Amino acid sequence: MATSRAEIMRSSLLPAPRSAFPRSRSVAIGFSVPGVLNRNHRQHQRMRRRSSNPGVVVAAISEEAAVKVAVEKKAAPAPAPAKTKARAALTVRRKSKEDFKDTIAGHLDALADMIGRNIVLELISTDVDPKMKRVMRSGEVAVRDWCEKRGVKGEHVVYTAEFMVDVAAFGEPGAITVANRHQREFFLESIVVEGFPCGPIHFSCNSWVQSTKDLSSKRVFFTNKPYLPSETPPGIRELRQKELKDLRGDGKGIRKSSDRIYDYATYNDLGNPDKGFELARPTLGGEKIPYPRRCRTGRPPMDTHMLAESRIEKPHPIYVPRDEAFEELKQGAFSAGRLRAVLHSLIPSLIASISADTQDFQGFHHIDNLYKEGLKLKLGLQEHLFKKIPLVQKIQESSEGMLRYDTPKILSKDKFAWLRDDEFARQTVAGINPVNIERLKVFPPVSKLDPAVYGPPESAITEAHIAGHLNGLTVQQAMDEAKLFILDYHDSYLPFLDRINAIDGRKAYGTRTIFYLNPLGTLKPVVIELTLPPVQPGGPRTSMVLTPPCDATTHWLWMLGKAHVCSNDAGIHQLVNHWLRTHANMEPFILAAHRQMSTMHPVFKLLHPHMRYTLEINALARQSLINAEGVIESCFTPGPVCMEISASYYRTHWRLDQEGLPADLIRRGVAEEDPTQPHGLKLLIEDYPYANDGMLLWSTIRSWVESYVGLYYPDAARVRSDPELQAWYHESVHVGHADLRSAPWWSPLSTPDDLVALLTTLIWLASAQHAALNFGQYPLGGYVPSRPPLMRRLLPDPARDPVEYETFLANPHRFFLAAMPGVLEATKFMAVVDTLSTHSPDEEYLGEERQQAAAWTSDAAAQVAFKKFSAEVRRAEKEIERRNADPARSNRCGAGVLPYELLAPSSPPGVTCRGVPNSISI
Ligand SMILES: [Fe+2]
């Protein structure tokens, strides 16, 4: 019986001629309401019973429609299986614009489809045939109307296919395979299958389906029903394994753009020694320089360096697994697409247009003009640019061919705020880098660097420098009362200063800035220490200690000192906090998730929105931002040692267990555990906008993760016995973060609490933490005098260079401008950070209600928990709004003070200085 049923099913796989399937007005199987479905199913059962002809099975799909299916007569009068029509609707996304090549290929595929080279589907049951002990398949059917719908306009086209299945015996479909026998890949958004008693079955695909000529195996998509590995129905167990094996690949060869393989490599592709010795860069990752792993591309080595991977230069993209890449023609709409255009077209034009004699800004008005009149580009370049970059098209309309920048938000309410000390201090708790301020616990501060190399570790700051600024407190009293805080960039810069300062036009110090917390709750800087490394190993370090100014000369020196602090802050922000701690740290977790957890794994489903486009943006960054002589090196003070500073932090400080917000605040001494407080934390700087709003979002994310994890992991045994979950975490640590795998601080993954902590941290980093560090880059950092990413001069010193000192005294204003980035560096930096600060129109924000709630998971309890999370996020947004209007909060409300909105979850597209996307996509 089972054999004959299987044979029968196979014999009726291909679509019958249309005349064999007469349609009545309700033949379309619109089973969208469960009740209707059940009714239809019961009807179908009744019709089955009524059938009187033993040789013909009547498979009814509605009251009005009945389809006769001929089956082979058997000698024995055993009841023949009832076959029902089940319909699949495939939503395919088309390119919005097709070029000539696409059009021709589209026609060829349509023709090929007519002669039988089709898109072919097959349903796979969750059950196994009990007698034959093999997976039940519906048999293959071809997608209809591909050719006929060739001319249909619109971004989405829905195609159908029909299966004839004995639904009672087949059980519930668990997977569908898709074979693309056309020449071209196509983007499959979703498949919905109707006609089974369990109701409509959703396959959320969102994937490129390659032609079988490129990838011989069929694609497999699982339904949106989450399954832990141990609960995988028998019919799809093997497929679950096979799909993961395919995604892991064999670790060999050069990856083609059509591949879907997720694998690891070190950062051995940042340099370009084939082009010149000065472009060689050390490999990041490995015992020598620990670093997270990146996505493997398998490109051949350099000619001159066997261990360095050869580069892919613009405009060719670096490999990322196919579904991680943007559709080429839609790229202009995506943030990464705009960034690519800026990097590949605008920046070369800036370089060509800005001549050596306009290296320095001639005055502050010169900078202001960038926002008013714009920057004159060389003739001939403009037209080329306007065609390529949407950003510049907008500029052209409004300013007749000049490259005009938007006025950064930081200037919008109070143009001169940046000159004030209170604003300088406010930025440490509500600016673009609010994550480095620490409580001062030892005075004077002490360096942890090796004294044999860097000399005596004590700071040159004494009590006498700051005693007058502490409201009558002694330093000890102020420390005891948690009134002193520090921004310490001494140890992070000092080991690199000899190399940085040897570069013409790059100058830096190790800096320390101590702040006093006023009774009003705001901070004020009370001392800045600028340190240079010893001339001889172990010799004394040279330090300059600056205190708040009391005359014109000390005012300008103080301004220059603050500029150096900001430059160091900008470097650590970009290289450590933004790039390393969010972008680079997440990459291994994303690679491991795709390699080790099935798309039907509930944890994969939870993480999926938080992994969107991260591999693509990181690949683009390696190609053009963090590479040798890329944007970061050319715009930030440390130049060629930028990424070594990033790696140095990874080796000495980074630990995942302290990347969650509460742990980070406690580590920095700015918060203490206190169960009586709303989030279990007492902030020592009460009005700390980043931490205040951050804790609100952290708690919201944590509650959501707790409810979600609780649905699948009621106890520790479930966590420990989940092989995919354990393999994911193990690989993230042991391969993705291999260089730190032996560190003692890695948390175990043994209990539901461990899992909640891990997932909350990753979701926090991908969403809120990245948003706080990313989307204010232009609004808060686009005015270079207030936050220069690069410094070109040390402070004037009559002992070191009396002539230079005289120049400073004669025109401090010009000296300040000459110490800042030049015109080219500034305009390049501004163009890039403007793009980095932009939300694309298709951004998906934290807690945003998903358009198709049922598509991501069929688990109703998970959907309910998500709805609750959405409501909590909206409440958090309202609370943030309220805080920004509260005059008691001087760090975000007051005369000309910018509100702190970087953690306000929603945002329109564009540069808005707010909005928390789900993932790191820019
Ligand atoms: Fe970013």
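The structure presented is a predicted model; accordingly, all values stated were derived computationally and were not measured. (Residues numbered from 1 in each chain as written. Predicted model: local features only at pLDDT ≥ 70, side-chain atom pairs only at ≥ 80, totals over all residues.)

Undergrad: Lay out the sheet that holds strand 18 (residues 542-546) with the relevant residues and their values.
TA: Pairing is antiparallel in the open sheet, where five strands are placed in the order 14-15-16-17-18. Strands at the two margins of the open sheet, each flanked by one partner only, are strand 14 (438-439) and strand 18. One ladder, built from eight bridges, connects strand 16 (residues 510-517) with strand 17 (residues 523-532); its direction is antiparallel. From the neighbouring strand, tyrosine 516 faces strand 17, where its bridge partner is lysine 524. (Pairing = 2+ DSSP bridges. Helix = DSSP H or I, 4+ residues; strand = E, 2+ residues; numbered from the N terminus.)

Undergrad: Can you explain the nonpolar core? Please cite residues and give values.
TA: Of all hydrophobic cores here, the largest spans 176 residues; its most connected members are Ile514, Leu759 and Leu903. The element that contributes the greatest number of residues to this core is helix 16 (residues 552-596), accounting for 19 residues. Mapping this core onto the domain boundaries places at least three of its residues in each of domain 2 (263-435 + 573-782 + 823-922) and domain 3 (436-548). Every residue in contact with isoleucine 514, bar those within four places of it in the chain, is listed here: Leu440, Ile461, Ile466, Leu484, Ile486, Val526 and Val527. Formed by 39 residues, the second largest nonpolar core is a distinct cluster that contains Ala88, Val92, Leu123 and Ile176. (Core = buried A, V, L, I, M, F, W, Y, C linked by C-beta atoms within 7 Å. Buried ≥ 20, exposed ≤ 12 C-beta atoms within 10 Å, placed from the backbone. Domains from an automatic or database assignment. Contact = placed C-beta atoms within 7 Å.)

Undergrad: Talk me through the sheet that holds strand 3 (residues 84-93); I want residue IDs and the actual numbers.
TA: Strand order in this open sheet of four strands is 7-3-9-10, and the pairing throughout is antiparallel. Lying at the two open borders of the sheet, with one neighbouring strand each, are strand 7 (156-165) and strand 10 (201-209). Recorded for the sheet is a direction-independent mean angle of 20° between the axes of neighbouring strands. In this sheet, strand 9 (residues 186-194) lies alongside strand 3 in antiparallel orientation, the contact comprising seven bridges. When the bridges of strand 9 are listed, alanine 89 appears paired with valine 192. (Axes fitted to C-alpha atoms, helices over the stretch in contact; angles between N-to-C directions.)

Undergrad: Any details on the packing of helix 22 (residues 689-712) against helix 25 (residues 752-774)? Residues and values, ideally.
TA: Between helix 22 and helix 25, whose axes approach to 9 Å, the crossing angle comes to 140°. Taken together, helix 22 and helix 25 sit at an angle that is classed as oblique. Viewed along their axes, helix 22 and helix 25 form a crossing whose handedness is right-handed. Where helix 22 abuts helix 25, its residues Tyr690, Gly694, Leu697, Trp698, Ile701, Arg702, Val705, Glu706, Val709 and Gly710 lie against Pro752, Leu755, Val756, Leu759, Thr760, Ile763, Trp764, Ala768 and Ala772. Of the residues assigned to the contact of helix 22 with helix 25, the class counts are 14 nonpolar, three polar and two charged. (Parallel < 35°, antiparallel > 145°, perpendicular 65-115°, else oblique. Left-handed = near helix turned anticlockwise from the far one by under 90°. Nonpolar A, V, L, I, M, F, W, Y, C, P; charged D, E, K, R; others polar.)

Undergrad: I'd like a rundown of the packing of helix 16 against helix 20 (residues 642-652), residues and numbers included.
TA: Across the interface, helix 16 lies against helix 20 with an axial gap of 9 Å and an inter-helix angle of 55°. The orientation of helix 16 with respect to helix 20, classified from their angle, is oblique. The interaxial crossing formed by helix 16 with helix 20 has right-handed handedness. Contacts from Gly571, Leu575, Val576, Trp579 and Leu580 in helix 16 reach Cys642, Ile645, Ser646, Tyr649 and Tyr650 in helix 20. Within the contact of helix 16 with helix 20, the residues separate by chemical class into eight nonpolar, two polar and no charged.

Undergrad: Can you lay out the confidence of the model for the chain for me, pointing to particular residues and giving the numbers?
TA: Averaged over every residue, the pLDDT of the chain is 87; residues scoring 70 or more account for 86%. Note that pLDDT drops below 50 for residues 1-75; the model gives that stretch 98 contacts with residues more than four away or on any other chain. Scored below 50 in pLDDT, residues 392-398 shows eleven contacts in the model against residues more than four places distant or in partner chains. (pLDDT = per-residue confidence, 0-100.)

Undergrad: If you had to explain the environment of glutamate 529 to someone new, which residues and values would you point to?
TA: Along the chain, glutamate 529 falls in strand 17. With 25 C-beta atoms packed within 10 Å, glutamate 529 lands in the buried category. With near-sequence residues (within four places) excluded, glutamate 529 lies in contact with Ser459, Ala460, Ile461, Thr511, Arg512, Ser543 and Val545.

Undergrad: Hey, could you go over unusual backbone geometry for me, with residue numbers and the actual values?
TA: Going from phenylalanine 443 to proline 444, the amide bond is cis rather than trans, its omega being -10°. Phi angles above zero are rare outside glycine, and lysine 133 is one such case at about 55°. By the C-beta count within 10 Å, which is 9 here, lysine 133 ends up exposed. One non-glycine residue, cysteine 913, lies in positive phi territory at about 60°. Mapped onto the secondary structure, cysteine 913 falls in the segment after strand 22 (910-911).

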